[in-house]
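The lines below spell out each chain.
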Amino acid sequence: MVKICCIGAGYVGGPTMAVIALKCPSIEVVVVDISVPRITAWNSDHLPIYEPGLDEVVKECRGKNLFFSTEVEKHVSEADIVFVSVNTPTKTQGLGAGKAADLTYWESAARMIAEVSKSDKIVVEKSTVPVKTAEAIEKILTHNSKGINFQILSNPEFLAEGTAIVDLFNPDRVLIGGRETPGGEKAVKALKDVYANWVPEERIICTNLWSAELSKLAANAFLAQRISSVNAMSALCEATGADVSEVAHAVGKDTRIGPKFLNASVGFGGSCFQKDILNLVYICECNGLPEVANYWKQVIKVNDYQKTRFVNRVVASMFNTVSGKKVAILGFAFKKDTGDTRETPAIDVCKGLLGDKAMLSIYDPQVTEDQIQRDLAMNKFDWDHPSHLQPVSPTAIKSLSVVWDAYDATKDAHAVCILTEWDEFRSLDYQRIYDNMQKPAFLFDGRNVVDAKKLREIGFIVYSIGKPLDQWLKDMPAIA
Ligand SMILES: NC(=O)C1=CN([C@@H]2O[C@H](COP(=O)(O)OP(=O)(O)OC[C@H]3O[C@@H](n4cnc5c(N)ncnc54)[C@H](O)[C@@H]3O)[C@@H](O)[C@H]2O)C=CC1
Ligand SMILES: O=C(O)[C@H]1O[C@H](OP(=O)(O)OP(=O)(O)OC[C@H]2O[C@@H](n3ccc(=O)[nH]c3=O)[C@H](O)[C@@H]2O)[C@H](O)[C@@H](O)[C@@H]1O
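Residues numbered from 1 in each chain as written. Chains lettered and ligands numbered in written order. Predicted model: local features only at pLDDT ≥ 70, side-chain atom pairs only at ≥ 80, totals over all residues. Heavy atoms only, no water.

An unreviewed UniProt entry annotates the protein as UDP-glucose 6-dehydrogenase originating from Rhododendron griersonianum.

This brings us to the site of ligand 1. If you check the shell around ligand 1, you find 26 residues, and the closest are Asp33, Arg38, Asn87, Thr88 and Lys275. One of the side-chain N or O atoms of Thr88 is found 2.6 Å from an oxygen atom in ligand 1. In the model, a nitrogen atom of ligand 1 is placed 3.5 Å from a nitrogen or oxygen of the Ser108 side chain. Protein contact buries 94% of the 830 Å² of open area that ligand 1 shows by itself. Counted by class, the shell around ligand 1 contains nine nonpolar, 10 polar and seven charged residues. (Near = heavy atom within 4 Å. Polar contact = N/O pair within 3.5 Å; in protein donor to acceptor, adjacent residues only side chain to side chain. Areas by Shrake-Rupley, 256 points an atom, 1.4 Å probe, with all protein chains shown as cover. Nonpolar A, V, L, I, M, F, W, Y, C, P; charged D, E, K, R; others polar.)

This paragraph deals with the nonpolar core. One finds Phe310, Leu353, Leu360, Tyr430, Phe444 and Phe460 to be the most contacted residues of the largest nonpolar core, which totals 65 residues. Beyond its immediate stretch of four places on either side in the chain, Leu360 contacts Val327, Ile329, Cys350, Leu353, Leu354, Ser399, Leu400 and Ser401. By size, the runner-up hydrophobic cluster in this structure holds 45 residues, among which are Val30, Val82, Ala110 and Ala224. (Core = buried A, V, L, I, M, F, W, Y, C linked by side-chain atoms within 4.5 Å. Buried < 20%, exposed > 50% of the residue type's maximum accessible area, 1.4 Å probe, protein only. Contact = heavy atoms within 4.5 Å.)

Let us now look at the side chain of Ser35. Along the chain, Ser35 turns up in the loop between β2 (28–32) and α2 (36–42). Here Ser35 falls in the buried class, since its relative accessible area comes to 5%. Looking at Ser35, its side chain comes within polar contact range of the main-chain nitrogen of Arg38, at 3.3 Å. (Helix = DSSP H or I, 4+ residues; strand = E, 2+ residues; numbered from the N terminus.)

All right, on to the confidence of the model for the protein then. Averaged over every residue, the pLDDT of the protein is 95; the share at 70 or more is 98%. Scoring the predicted complex yields pTM 0.96 and, for the interface, ipTM 0.98. (pLDDT = per-residue confidence, 0-100.)

Our next topic: the site of ligand 2. Neighbouring ligand 2 are 20 residues; Phe158, Leu159, Ser265, Cys272 and Arg447 lie closest to it. Backbone polar atom of Leu262 to an oxygen atom of ligand 2: 3.3 Å apart, as the coordinates give it. Relative to its unbound accessible surface of 700 Å², ligand 2 loses 89% to contact with the protein. In terms of residue count, the dominant contributor to the shell around ligand 2 is helix α9 (residues 209–240) (four residues). Classifying every residue of the shell around ligand 2 by side-chain character gives 11 nonpolar, four polar and five charged.

What follows deals with the pattern of salt bridges. On inspection of all chains with the given rule, the structure shows 24 salt bridges. Across the pair Asp304 and Lys307 runs a salt bridge whose closest N-O atoms are separated by 3.6 Å. Highlighted residues: Asp304 and Lys307, both in helix α12 (residues 290–317), separated by three residues, approximately one helical turn. Of the residues examined, Asp304 reaches a relative accessible area of 30% and is grouped as partly exposed. Taken together, the shared-partner salt bridges in this structure form one network comprising Lys99, Glu285 and Lys297. (Salt bridge = Lys/Arg side-chain N within 4 Å of Asp/Glu carboxyl O.)

Below, the structure is given as structure tokens:
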């Protein structure tokens, strides 16, 4: 029986390994992590991450050919294929701080693999890493190998949160990069055979190592660039009276451009887009390509601009101050159908409003108060470290409350900000919300989920990203 061990039981390691176990009953899959609470949760009825369809997959295989364990070394030493899916945060200190990937966790995993291995292994980069990381990993493994043969493969993951299971069941492509040597090709084939259990052969792309590593960074950069492009257009739409949804629809009808991923928003979030682009920027700079670096940097700059623009719009519309005013925040997760808050635009928007002394009342169907307090207390980039290393928020921020209902959040509020596109926000009783708010009642829709026309009829002053502005908003221009 082939044995797979995955180091890192997070958003990627957990779901990908659960799907491999489901689709390959003859393979034993063990997911290991240094975080005891995470592994305990994976072994319980309350999985550590919320992902539609994940519970069913885990329940089907757990205890049969899928196991979660903290016995990292034991399972690594027994495995034929070791996936490494640990954090690759942005460095916060030293050379490349604020841009370069911090490979501390990766390096420690590689050293541990070298130390405990007694048989040949295929080591698979599942984490997103800078191009050429495999070379460094190879050096660590071969210099400590005691005669054991290690083959390094790059097999980046393209799943998106909220649709992870669907994406894994039916991926657009699986990418495997390996050395162009007989040993490397044999390893590529072994991994290809795993995926071939359910992925059509033509969707399994095999490349050299560096193409695979770089393709992952490139794919995320292209995706984020689309959002920054449409968000940049949203600012121009507001200035001119064009409607960003109409523009995106018209542009996306061109089959060369395509309709997906063109929704204007308060800004993109999530654990990877910003981190991976910063990483790409750093690699370009290191390779003497400042023009290319600056090109990609602009994607992040526009994203930051979009979040600042939103906060400024809120404050400017409300007579240039939100001091002491209750502002309801609907949605804190970085997108719907996930409880993940990593790099969510809600953090910057909430920090901006708190900076203007607003009193926030936050509701998100999947995010806990503890998480929100942690997020708002944490320094930039600190979140991407194993949770037991994360600083616990020393004192709770007093000017915010977290509630479990949108009606509670909006009661007596001066304004509502919608920051995540949860489906339930489309069908709230906005008449009831309006009746219970201070007047004038403002609604700032950072995700274009509400019917602005209907809300205006109720009496709201409505701001929707990239849509023609109310007279009120035109009279109160925001300086970005
Ligand atoms: N979240 C996502 O949707 C995607 C993430 N990725 C990439 O996958 C990698 C992992 O991301 P996530 O799963 O989101 O991170 P995560 O933070 O959810 O999970 C990483 C896990 O690795 C564990 N870990 C760290 N060092 C370890 C060690 N030495 N031994 C054992 N366990 C260790 C941590 O405790 C943590 O549970 C990152 O490189 C990320 O860029 C790629 C595609 C999608
Ligand atoms: O490497 C990763 O981590 C993953 O990053 C993204 O996945 P994810 O961040 O989970 O979610 P997306 O659906 O890409 O959304 C990212 C952010 O962009 C925002 N977004 C997305 C689409 C859009 O049209 N507009 C928009 O503002 C979302 O609300 C969210 O905040 C990519 O889509 C995945 O392919 C990739 O594997």
